[in-house]
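Take a look at the letters that make up each chain.
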Amino acid sequence: MKKVITYGTFDLLHKGHINIIKKAKELGDYLIVGVTSEDYDFNRGKLNVQQSLMERINNVKSLGIADEIIIEEYFGQKINDIKKYDIDIFAIGSDWLGKFDYLKEYCDVVYIERTKGISSTELRDKYNSIVKLGIVGYGRIANRMMSELPFISGVTPEAVFGRNEEKAELFANKHELNIYSSNYDDFLEAVDAIYIATPHKSHFEYAKQAILKKKHVLCEKPMTLSVSETKYLFELAHKNNVVLQEAIKTAYAPAFIKLVNIAKSGIIGQIKNVNATFTKLIEDKTLREYNHQMGGGSITELISYPLCAIVKLLGLNYNDVMINSIIDDKTNVDILSTINIIYENAIATANVGIGVKTESDLRIGGTKGYIYVPAPWWKTEYFEIRAEDPNKIQKFFTKYDGEGLRYEISDFINTINNHKACSYKLKDEESIFFAEIIEKAMLSLY
Ligand code: CTP
């Protein structure tokens, strides 16, 4: 019996996919189709796959051509599959010509003529019109976002808004944007969605006005500094049928999501302690981060990341919060803060500092072991599961590409395209939890 194998994402199954599966089957007697897992696609940079793994598998299955369907989960798996399933022929579309010649050592490699004029990418673009994105602000984070956008399909940066029109023009020229404006209404007219990258205290007004004009909003962290404002924005967004998401990149990063799932699976027993530290020395005291009036300080600047880890691991329902800070006498902002959040059966500590540097790691303590994530854990790539016996260490690595903002923007665009009210990766109530802790901290400090 001649066994054939072929692989693909098979997103939004189309004629090209059907042709290749048919032709692959004709090459032998038994066909195995490998469908890529979400994790694998994400890691190889295919961020905009629209259908879930199960939907894609069911679509391939419904053709009734494949004798067996398997899941492709990692680079290099093809060699193993060919050996494991005794494969005679590896078949793939001609767009991959030459790329799989290394498999000739294990079986025959056949490149099948690709069907012209159709692809999942084209279909995704046809079904979902390209989201025109406007950038509010032209500072450091806005520039960083611009460098990440080219990695995401389905979105095009269209316009920039800033109070200083000259600076907005410079930004627009630098990033080849069609429109720049210092008039917020005009700017909103030109876009479908906005990314707010301005100082914290301006987020609320910019977000509110955009939502009222039915624009989707991705807002830099912290979304606002108060519970009432954050709640108000979410209610307004739901009423206006637009997506509102907080841009905490860690929440959308593949390795962080994996880390949380593993931690919650019971592998370290019950989670009793989360200790998350994020320090980032900022020495220039003329910057916004040291400006009390503009909402500067370690908590407002950095606490979203540790709180994100804490809420994902221990949940929303805590009993008490204790806040301790060192305030700089010249600028009146907290240069170091520790927030202890006491849960019924667990204790969490978040340490943040813009004026004090210390090891910035994440430790998750359980009744059977602990998880160690080295700095910079908020750009999670690597973590270890450790136990009492120092020889028993399990190591995990998942790629984190570029600045990592591509994951949050990709999720934002997918949430818009799938007509969902919010993303499961960062929920409304979690953003409200962050606002609540920040508000309590601000009240206790100032
Ligand atoms: N394929 C094909 N003809 C097409 C599109 C895809 O023969 N018009 C083949 C690919 O060469 C591959 C298989 O179908 O062997 C699965 O490809 P996949 O990457 O899932 O499909 P694309 O439509 O190319 O997806 P995308 O646009 O996301 O790259």
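The shown structure was predicted, so the numbers you read here are calculated from the model rather than taken from an experiment.

A. A look at the environment of glutamate 148. Here glutamate 148 shows up in helix H6 (residues 140-148). For glutamate 148, the contacting residues outside a window of four places in its chain are Asp401, Gly402, Glu403, Gly404, Leu405 and Arg406.

B. Spotlight on empty space enclosed by the protein. Overall, the coordinates contain two cavities of 30 Å³ or more when judged by the stated rule. Lining the largest cavity we find Asn48, Gln50, Thr121, Arg124, Asp125, Asn128, Ser153, Gly154, Asn414 and Asn417. Only helix H5 (120-127) and helix H15 (405-417) provide two or more residues apiece to the lining of the largest cavity. Among the elements that line the lining of the largest cavity, the one with the most residues is H5, at three residues. Reported here for the second largest cavity is a volume of approximately 30 Å³. Around the second largest cavity sit Phe234, Leu244, Gln245, Glu246, Cys422, Ser423, Leu426, Lys427, Asp428 and Ser431, which together line it.

C. Highlighting the environment of glycine 139. Inspection of the secondary structure assignment puts glycine 139 in the loop between strand E6 (131-136) and H6. Along the sequence, glycine 139 and threonine 331 sit 192 residues apart, while their C-alpha atoms lie 22 Å from each other.

D. Main features of the sheet that holds E6. A sheet is described by the order of its strands in space; here six strands give the open sequence E8-E7-E6-E9-E10-E11, paired in parallel fashion. Edge positions in the sheet fall to strand E8 (179-181) and strand E11 (244-247), since each of these pairs with one other strand and no more. Here the strands of the sheet are splayed against their neighbours by 25° on average, with no regard to which way each runs. Where H6 meets the sheet, it contacts E6, strand E7 (155-161), strand E9 (193-196) and strand E10 (216-220), and its direction lies at approximately 130° from that of E9.

E. Just the layout of surface pockets, in detail. By volume, the largest pocket is sized at about 1100 Å³. Lining the largest pocket are 39 residues; nearest its centre among them are Ile141, Ala197, Thr198, Pro199 and Arg288. Counting only elements with at least two residues in the lining of the largest pocket, the list comes to H6, helix H9 (203-212), helix H13 (298-302) and H15. The biggest single contributor to the lining of the largest pocket is H6, with four residues. Considered class by class, the residues forming the lining of the largest pocket number 16 nonpolar, eight polar and 15 charged. For the second largest pocket, the calculated volume is near 880 Å³. Contributing to the lining of the second largest pocket are 31 residues, with Glu38, Phe42, Asp411, Tyr424 and Lys425 lying nearest its centre. Those elements that provide at least two residues to the lining of the second largest pocket are helix H2 (38-43), helix H3 (53-62), helix H12 (254-264) and H15. It is H12 that provides the largest number of residues to the lining of the second largest pocket, a total of six residues. In terms of residue class, the lining of the second largest pocket is made up of 11 nonpolar, nine polar and 11 charged.

F. Region of interest: the pairing of E11. Here E11 shows a buried face lined by Leu244 and Glu246 and a second buried face lined by Gln245 and Ala247. Across four bridges, E10 lies against E11 in parallel orientation. If you follow valine 217 over to E11, its bridge partner there is leucine 244. For the segment spanning E10, helix H10 (residues 227-239) and E11, crossover handedness is right-handed.

G. Quick peek at the site of the ligand. Around the ligand, the structure places 20 residues, and the nearest of them are Asp95, Thr115, Ile118, Ser120 and Thr121. Within the backbone of threonine 9, a nitrogen or oxygen atom sits 3.0 Å from an oxygen atom of the ligand. Threonine 115 has a polar backbone atom sitting 2.8 Å from a nitrogen atom of the ligand. For the ligand, the protein covers 92% of the area, taking 570 Å² as the surface of the free molecule.

H. Region of the structure containing the pairing of strand E19 (residues 393-397). Where strand E18 (residues 382-386) lies against E19, five bridges are found, and the strand directions are antiparallel. In the strand pairing of E19, isoleucine 385 is matched with glutamine 394. Between E18 and E19, which pair antiparallel in sequence order, lie six residues.

Analysis parameters
- Residues numbered from 1 in each chain as written.
- Predicted model: local features only at pLDDT ≥ 70, side-chain atom pairs only at ≥ 80, totals over all residues.
- Heavy atoms only, no water.
- Helix = DSSP H or I, 4+ residues; strand = E, 2+ residues; numbered from the N terminus.
- Contact = heavy atoms within 4.5 Å.
- 1 Å grid on protein atoms, 1.4 Å probe; cavity = no way out; pocket = protein on both sides within 12 Å on 5 of 7 lines; lining within 4 Å.
- Points joined across faces, edges and corners; volume = space filled by probe spheres on them.
- Pairing = 2+ DSSP bridges.
- Axes fitted to C-alpha atoms, helices over the stretch in contact; angles between N-to-C directions.
- Nonpolar A, V, L, I, M, F, W, Y, C, P; charged D, E, K, R; others polar.
- Buried < 20%, exposed > 50% of the residue type's maximum accessible area, 1.4 Å probe, protein only.
- Right-handed = clockwise from strand over helix to strand, strands pointing away.
- Near = heavy atom within 4 Å.
- Polar contact = N/O pair within 3.5 Å; in protein donor to acceptor, adjacent residues only side chain to side chain.
- Areas by Shrake-Rupley, 256 points an atom, 1.4 Å probe, with all protein chains shown as cover.

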